[in-house]
Amino acid sequence: MVERTRFMLDEEKIPRFWYNIAADLPAGVEQSPPLHPMTHQPLTPPDLAPLFPMALIMQEVSTEREIEIPGPVRDIYTTFRPSPLVRARRLEKALDTPAHIYFKYEGLSPAGSHKPNTAIAQAFYNKEEGIKRIATETGAGQWGSALAAAGAMFGIEVKVYMVRASYNQKPYRRILMETYGASVVASPSMDTESGRAILAQHPDSPGSLGIAISEAVEDTMKRDDTHYSLGSVLNHVMLHQTVIGEESILQMEMAGEEPDVIIACAGGGSNFAGLAFPWVGRTLRGGRKYQVIAVEPLAAPSLTRGKYMYDYGDTAKMAPVAKMYTLGHDFVPEPIHAGGLRYHGMSPLVSLLKHHNLIEARSVHQIPCFQAGVLFARNEGILPAPESTHAIRAAIDVALDCKASGEAKVILFNLSGHGHFDLSAYEAYLSGKLEDYEYPAKEIKEALAHAG
Ligand SMILES: *Cc1c(COP(=O)(O)O)cnc(C)c1O
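Residues numbered from 1 in each chain as written. Predicted model: local features only at pLDDT ≥ 70, side-chain atom pairs only at ≥ 80, totals over all residues. Heavy atoms only, no water.

1. So, the pairing of strand β11 (residues 291–297)
Strand residues, when the strand is regular, have side chains that alternate between the two faces of the sheet. Taking burial as the measure, the 7 residues of β11 include 6 buried ones, the bulk of the element. Across 5 bridges, strand β10 (residues 261–265) lies against β11 in parallel orientation. Opposite Ala264, over in β11, you have Ala294 as the bridge partner. Regarding the hand of the β-α-β motif, the stretch spanning β10, helix α12 (residues 270–284) and β11 is right-handed. Here 5 bridges tie β11 to strand β14 (residues 360–364), and the two strands are oriented parallel to one another. If you follow Ile293 over to β14, its bridge partner there is Glu360. (Buried < 20%, exposed > 50% of the residue type's maximum accessible area, 1.4 Å probe, protein only. Helix = DSSP H or I, 4+ residues; strand = E, 2+ residues; numbered from the N terminus. Pairing = 2+ DSSP bridges. Right-handed = clockwise from strand over helix to strand, strands pointing away.)

Spelled out as structure tokens, the structure:
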């Protein structure tokens, strides 16, 4: 008999509802409201209306457990969902581990990552509200390409502020976005006041997600026809990504196993939340507890080394103030290749779960991540995104612990995207030019001193 390796669901099994973990938070685990960046008063839906369509604002504050996925969004999901769940049998053999390793593969979407799960939903709701143009930021270019593709599908113009370090490292991501019809500038740019202010002080600034968010928010506030869109961090983004975890629950059932350990990398928290929240929800509703691990780079370690406090979502203090793990809104991480993980903050929902020990976090250097990514590619054939190698590193470490202890744990991790646009990073690794930046203790201490 052939051993099953790939667990596929039929199209009709694509979830009809997103899962909202806010419905299942236990007593004492309470969300703190986001605050207005100028007044520091709790934000009201009308405060957010210049930025987002009302449907998304309502999702942001919703405590309904299930939120229906609109038909047109689900129709587009069918072009690349359900995503496969794969058992990494060859990797297990290479590691000589008794552990069973499963991964959910989000790299088959148009942008090559999980990001279209929310980009399509966000473009849909903006279209419904008559919005003609969306401004956004992108780190590694993954979010920009997802939104550019979704904008093209719904006839919405997209302007992308792309973090300069990535703009220089990854020209093909820019070309992909332009092919979808988006316009792209390197951030900090001369197109906004906040960009010009930073360039005046730091002409060589590599940029950061915090800076790029400031530029996109400023662009939005200055135009009536434009909304803003964020690819991670916000509650509605976590919500849209839960299709990943919901599918994985059905697929693990097909495999006849239940995970002991659930792992994903975390930049703003969305692919982590997407995979983990539906499982954590089962625990919160009285089910068994899983070990759930968010993995972040040591160069931008918000969950493991940041402070849980109110801080701005962006550098220029224009975005809402949220209670989250933060390294300080003016912290600029080193230009590591996992551009999607270079953010000073973390999703407030993911932060809340971490603060209450409902999940764990680890941080790792980039070289061991690339080592794990290359081992994975040579055994499973998929070249992972640099961000995703953080999850692979942790999955391998757990599997090696199993080898030492003889435990046959079941590991489930999210392979959030492929690395076909990240070959210059792999080249740097293969030629021995990749460096591990020292943990930036001093910079984080300074940035935290003016956080909040
Ligand atoms: C953007 C991105 C991430 C990080 O963002 P999260 O919101 O934390 O998921 C991770 N992996 C890939 C492939 C990405 O594109």
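2. So, the side chain of Arg173
Inspection of the secondary structure puts Arg173 in helix α8 (residues 171–179). Buried Arg173, no salt bridge; nearest opposite-charge side chain is Asp422, N-O distance 5.4 Å. Among the polar contacts listed, one links the side chain of Arg173 to the side chain of Gln142, at a separation of 3.2 Å. For Arg173, the contacting residues outside a window of four places in its chain are Ala111, Ala140, Gly141, Gln142, Ser145, Met162 and Phe421. (Lys, Arg positive; Asp, Glu negative; His and termini not counted. Salt bridge = Lys/Arg side-chain N within 4 Å of Asp/Glu carboxyl O. Polar contact = N/O pair within 3.5 Å; in protein donor to acceptor, adjacent residues only side chain to side chain. Contact = heavy atoms within 4.5 Å.)

3. Re the packing of aromatic side chains
According to the stated counting rule, one finds 12 aromatic pairs in the structure shown. Ring centres 5.4 Å apart and planes at 80° place the aromatic pair Trp279 and Tyr290 in the edge-to-face group. You can see Trp279 sitting in helix α12 and its partner Tyr290 sitting in the loop between α12 and β11, a full 11 residues away along the chain. You can call Trp279 buried: its relative accessible area is 1%. Judged by relative accessible area, Tyr290 falls into the buried class, the value being 5%. (Phe/Tyr/Trp six-rings, centres within 6.5 Å; stacked < 30°, edge-to-face > 60°.)

4. A closer look at the pattern of salt bridges
Throughout the structure, instances matching the rule amount to 21 salt bridges. The partner of Arg393 in a salt bridge is Asp397, with the nearest N and O atoms 2.9 Å apart. Of the two residues, Arg393 and Asp397 both sit in helix α16 (residues 386–405), 4 residues apart, roughly one turn of that helix.

5. Here we look at the state of the cysteines
Using the criterion set out here, one finds 0 disulfides in the structure. We note that Cys265 lacks a disulfide partner, and the nearest cysteine sulfur, in Cys369, lies 9.3 Å from it. (Disulfide = S-S within 2.5 Å.)

6. A closer look at the sheet that holds strand β6 (residues 133–138)
One open sheet accounts for 4 strands, arranged β8-β7-β6-β9; its pairing is parallel. Because the sheet does not close on itself, it has two edges, and the strands there are β8 (183–187) and β9 (226–229). For this sheet, the mean angle separating the axes of adjacent strands, direction not counted, is 25°. Pairing analysis gives 4 bridges linking β6 to β9, with the strands arranged parallel. (Axes fitted to C-alpha atoms, helices over the stretch in contact; angles between N-to-C directions.)

7. Quick word on a nonpolar patch on the surface
Taken together, the side chains of Met54, Met58 and Val61 make up a nonpolar region of the molecular surface, amounting to roughly 260 Å² of accessible area. Examined against the element boundaries, Met54 turns out to sit in helix α2 (residues 54–61). (Patch = residues over 30% accessible without salt bridge, like charges linked within 9 Å, V, L, I, M, F, W, Y side chains within 5 Å. Areas by Shrake-Rupley, 256 points an atom, 1.4 Å probe, with all protein chains shown as cover.)

8. Here we look at the site of the ligand
As a matter of local geometry, the ligand sits amid 18 residues, with Lys115, Ser232, Gly267, Ser270 and Ser416 nearest to it. Backbone polar atom of Gly268 to an oxygen atom of the ligand: 3.0 Å apart, as the coordinates give it. Gly269 is positioned with one of its backbone polar atoms (N or O) 2.8 Å from an oxygen atom of the ligand. Protein chains shield 97% of the accessible area of the ligand, which is 380 Å² for the free molecule. Tallied by class, the residues present in the shell around the ligand amount to 4 nonpolar, 12 polar and 2 charged. (Near = heavy atom within 4 Å. Nonpolar A, V, L, I, M, F, W, Y, C, P; charged D, E, K, R; others polar.)

9. A word on the confidence of the model for the protein
Looking at the protein as a whole, the pLDDT averages 96, with 100% of positions reaching at least 70. The least confident element of the protein, judged by mean pLDDT, is helix α7 (residues 164–169) at 89; the most confident is β10 at 99. (pLDDT = per-residue confidence, 0-100.)

10. A short note on the pairing of strand β7 (residues 157–163)
β7 sits mainly inside the fold: 6 of its 7 residues count as buried. Bridge count for β6 against β7 is 6 bridges, and the pairing is parallel. Each residue of the ladder has a partner; that of Ala135, found in β7, is Lys159. Handedness of the crossover joining β6 and β7 through helix α6 (residues 142–154) is recorded here as right-handed. The pairing of β7 with β8 spans 5 bridges and is parallel. Residue pairing for β8: Val163 is matched across the bridge by Ser187.

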